Structures are given as structure tokens and as C-alpha cells.
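Here is how the chains run, residue by residue.
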Amino acid sequence: MSTLNTTEPTDIELFLFFLGGAVELLTNFVGIPLSIANLILVARTSVIHPNMKAILIFQSFFILLRGCCRFVICLFKFFLWDPISAESMQFFPALLKIYFIGIYARNFVPHVLIVERILATLFVRTYEKNRGHLFTILWMPFALIIPVYIAITTSSPQDHNKPITNLITTSVQLLIGSIELGVFYQLCRYNSKIYQKMFQNIGSNNLSIRYQLSENIRIGKQLIPPLFLNLGNIFAGTMILLWDFLNLPFYSQIFNFAAIINSIFGLLIEFFIITCHPFLKRDLCQFLNRIGTMFGFDHLVYNHRIGDATVTVGNTAPSSSALNGIAQRNLISGKALIDTQTKPEDYFAMLKEAWEKGPVK
């Protein structure tokens, strides 16, 4: 941000800076509670594997940290009535360091996600049973130390080599992220292909493996939008560094625009993490409905994806349609697995037979 103060902004530029600050304030005003909700929902669920839970909590925490810093910076734009000085944060350098820590730690998450998904795919037979914390213990120190080091050196007074160093580092990260996204896409295709093959023959493998495969597919669908958005954030950062290194005009405007994009993408990452996972979405809908009930709204939001598989409050026993929804639906898509004319007890008998038979050798 060394070029933010090179020229005196015009009235139109000041208007755009303040407009951008207002947009960011609104975005982070929504994004901060969403990140907190994401932290709570992921921490409380028992459906997601502990390795994935740790990664998602780590990601939400640093998106929240970055969002809080941007919220404060944008507030100071209006308090000082000087968006340029507020952006440089010369009066509060510690906040600038925390802001960069949030950015670089958030950008580190996709690399860990890809490794975790590769492990879940390679060790599909035993991954669900292995719920230790060794993987988290191995990656967490690197995910903390490296971003903190980069953030501190980035936000310190610049030397002549720092712009090109930051540009090369971020560009390499963008390239690696693009490759990882392709790898992740192939993992999703592979898991879907294996799952469909197993599902065609109900006795082809045990239920534990099928469940882990379905969870791999479900997590894959959940993570595709956030991975794209994370890559977009890294791309925006690369453009800022390139603009600064080449000393191109309108750097302040480009920086302001990229900051808005980062805030919007951060909000969308949190949104898709919840809405693309059926159980997190269910928990959020239940939480919002409880809040709505407090204010006199019986059904504030509806979750059509799982609504037909739940039992209404007050029933002493699940209805036949509820049993069909629970027992005979695909864990991934929610669609019926077999003909709806099949009785639930017959379907459970089929599952029991496949379970006792075990994998075909």
C-alpha cells in the first residue's frame, strides 16, 4: 500500500472510496455474524470428520478476523473522513498486522483442504474410524507460523526487494491453488464414480465404506464453491501486488475494489459452507426458526431439502412417509433410493443382509 498516498484524490475518487467503504461495512456487518454462526455450527456437529472440522473452524476464524479488521478500517474511513489515511492504518499498525494475518491464514486453508480430501479418498476404508487429531497437530503449526511470519514482514516498512518477493510468492500460491482445484475436481469425480459402482450392487461392499464415500461426495460439493472463492481472493491479491510492482495508475481504486471483492467472497465462503452441507443447513434453519418463534414467527425459514425426512413436533411416532424419507433416501442428494412401494422393513432387511455379508472378495 505504499502508493496509496501518492496523489491527492479528486471529489469523485473520494466519493468512490467512501462508497466502497460503505459497501464493505455492510458486507462485513453480515459476514461477521455468519462467520460466528459457522464456527458454532461446525464445532457442534458430529457429522463432519474431526480433521475437516478443524480446517473449517480454522478457516472461519481467520475469515472472521479479517472481516473484523476490515470493519474497523472502514469505520475509521468515516470517523476520520479520510479513506486514504484509514486504509494505511498508520495510527494503528498492530491492526494492520492482524489484518494481514487473517488474509494469509485464510489463503493457507485450501492447501490443507486438498491434502485432507486426498487422505479421505485414499484411506476410505478406515478414514471414518480414525478420528484422532494427528493430522491437525501436524498442519496447524505451519498454518499459523507461516502466515504470521509473512504478515509481519509484509506490513513492516518496505525494502527494495519486498514488492517482487511478495508478488512471486502470491503468484506461486495462485498457480498451486489452480492445480489443487483441478486435483480436487478429479477427486470428486473419482468418489462419485466409485459410489455409483458400489450402489449398483447392494452387496458389493459394506455400509461403512459407502457412508464414507457419500460423505466424501457431500463434502466435495460443499467445498467446491469456497475453493473457487478462495482462489478468487488470491487472484485479487496478486493483481494488487502486480499493480503496485509495475507502478500502474489508479492503484488506490484497484486496491479498494479488491478489498470489496475479498469481503464479498469471504461472506460467500461462509454462506456456501453452511448451505451446501445438508446437516449444517438444517441446524442453521432450526436455530433461525427458534429465534423466529421468540418473536412470534412460527416458520422463519424452510429447509425443503430435508423437511420431508423429519418428524413433526408433537407426533409420538414417525409417520410412514417419514420412515420412507429416513430409511430410503440417498445421503448425498436426498432422492429416493428404491421404489417407494417397497416397505421400510423390507429395505432394512436388505441393508442388514448386505452388512452381514460384508465386502465381496
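Predicted model, so just to flag it, every value in this text is computed and none were measured.

Overview of the overall build of the protein
Piece 1. Per the secondary structure count, the protein includes eleven helices and zero strands.
Piece 2. The secondary structure elements of the protein, listed N-terminal to C-terminal, are α-α-α-α-α-α-α-α-α-α-α.
Piece 3. Each of the 361 residues in the protein was classed as buried or not, and the buried ones make up 46%.
Piece 4. Within the protein, contacts between residues at least 6 apart in sequence are counted, and of these 73% link residues at least 24 apart.
Piece 5. Of the roughly 19300 Å² of accessible surface on the protein, a fraction of 69% belongs to carbon and sulfur atoms.

Description of the nonpolar core
Piece 1. Core analysis: the biggest nonpolar cluster contains 47 residues, and Trp139 and Leu223 have the highest contact counts within it.
Piece 2. Breaking this core down by element, the ones donating at least two residues are helix H1 (11–44), helix H2 (50–79), helix H4 (93–122), helix H5 (134–155), helix H6 (162–200), helix H7 (207–245), helix H8 (251–275) and helix H9 (278–294).
Piece 3. Residue contributions to this core peak at 13 residues, all from H4.
Piece 4. Not counting residues up to four positions away in its chain, the partners in contact with Leu223 are Met52, Leu56, Leu113, Arg117, Phe184 and Ile273.
Piece 5. Within the second largest apolar cluster, six residues are counted, among which are Val124, Tyr195, Met198 and Ile217.

Let's talk about a nonpolar patch on the surface
Piece 1. A surface patch of nonpolar side chains, amounting to about 560 Å² of accessible area, comprises Ile118, Leu122, Phe123, Leu175, Ile179 and Val183.
Piece 2. Within the residue set of the nonpolar patch, elements represented by two or more residues are H4 and H6.
Piece 3. For Leu122, the location among the structural elements is in helix H4.
Piece 4. We classify Leu122 as exposed; its relative accessible area is 63%.

Quick notes on the UniProt feature "transmembrane region" (unreviewed entry) in the protein
Piece 1. Those residues carrying the UniProt feature "transmembrane region" (unreviewed entry) are residues 14–42, 54–78, 98–120, 132–152, 164–188, 223–243 and 255–280 in this numbering.
Piece 2. As annotated, residues 54–78 comprises 100% helix and 0% strand, and the C-alpha atoms at either end are separated by 37 Å.

Concerning the packing of aromatic side chains
Each aromatic ring pair is summarised here by two numbers: the centre-to-centre distance and the angle between the ring planes.
Piece 1. According to the stated counting rule, one finds eleven aromatic pairs in the structure shown.
Piece 2. Summarising the aromatic geometry, the rings of Phe58 and Phe62 are spaced 4.7 Å apart at their centres and angled 55° between planes, so their arrangement reads as tilted. Taken together, the positions of Phe58 and Phe62, both in helix H2 and four residues apart, correspond to about one turn of that helix.
Piece 3. Relative to Phe255, the ring of Tyr251 lies with its centre 6.2 Å away and its plane at 40°, an arrangement referred to as tilted.

Here's the deal with the packing of H1 against H2
Piece 1. Relative to each other, H1 and H2 sit at 155°, their axes nearing to 8 Å. As judged from the angle between their axes, H1 and H2 are roughly antiparallel. Considering only the axes of H1 and H2, their crossing is left-handed.
Piece 2. Grouping the amino acids of the contact of H1 with H2 by side-chain chemistry returns 20 nonpolar, six polar and five charged.

Quick word on the environment of Ser85
Piece 1. Relative to the helices and strands, Ser85 resides in helix H3 (residues 83–88).
Piece 2. Residue Ser85 is classed as partly exposed on the basis of its relative accessible area, which comes to 28%.
Piece 3. Separated by twelve residues in sequence, Ser85 and Ile73 place their C-alpha atoms 9.8 Å apart.

Let's talk about the pattern of salt bridges
Piece 1. A full pass over the atoms with the stated rule returns four salt bridges.
Piece 2. The closest approach of N and O atoms between Arg117 and Glu116, which form a salt bridge, is 2.7 Å.
Piece 3. With a relative accessible area of 5%, Arg117 lands in the buried category.
Piece 4. What makes Glu116 buried here is its relative accessible area of 0%.
Piece 5. Residue Arg218 pairs with Glu215 through a salt bridge whose shortest N-O separation is 2.3 Å. With Arg218 and Glu215 both in helix H7 and three residues apart, the pair spans about one turn of that helix. Of the two residues examined, Arg218 and Glu215, each falls in the buried class.

Concerning the packing of H2 against H4
To describe two helices that pack against each other, one gives the angle between their axes and the distance between the axes.
Piece 1. In contact at an axis separation of 8 Å, H2 and H4 are set at 155° when each is read in the N-to-C sense. As the angle between them shows, H2 and H4 are arranged roughly antiparallel. Here H2 runs over H4; the crossing is left-handed.
Piece 2. Grouping the constituent residues of the contact of H2 with H4 by class yields 18 nonpolar, three polar and five charged.

About the thresholds
Residues numbered from 1 in each chain as written. Predicted model: local features only at pLDDT ≥ 70, side-chain atom pairs only at ≥ 80, totals over all residues. Heavy atoms only, no water. Helix = DSSP H or I, 4+ residues; strand = E, 2+ residues; numbered from the N terminus. Buried < 20%, exposed > 50% of the residue type's maximum accessible area, 1.4 Å probe, protein only. Contact = heavy atoms within 4.5 Å. Areas by Shrake-Rupley, 256 points an atom, 1.4 Å probe, with all protein chains shown as cover. Core = buried A, V, L, I, M, F, W, Y, C linked by side-chain atoms within 4.5 Å. Patch = residues over 30% accessible without salt bridge, like charges linked within 9 Å, V, L, I, M, F, W, Y side chains within 5 Å. Salt bridge = Lys/Arg side-chain N within 4 Å of Asp/Glu carboxyl O. UniProt positions renumbered as here; feature names shortened; annotations may be inferred. Phe/Tyr/Trp six-rings, centres within 6.5 Å; stacked < 30°, edge-to-face > 60°. Axes fitted to C-alpha atoms, helices over the stretch in contact; angles between N-to-C directions. Parallel < 35°, antiparallel > 145°, perpendicular 65-115°, else oblique. Left-handed = near helix turned anticlockwise from the far one by under 90°. Nonpolar A, V, L, I, M, F, W, Y, C, P; charged D, E, K, R; others polar.

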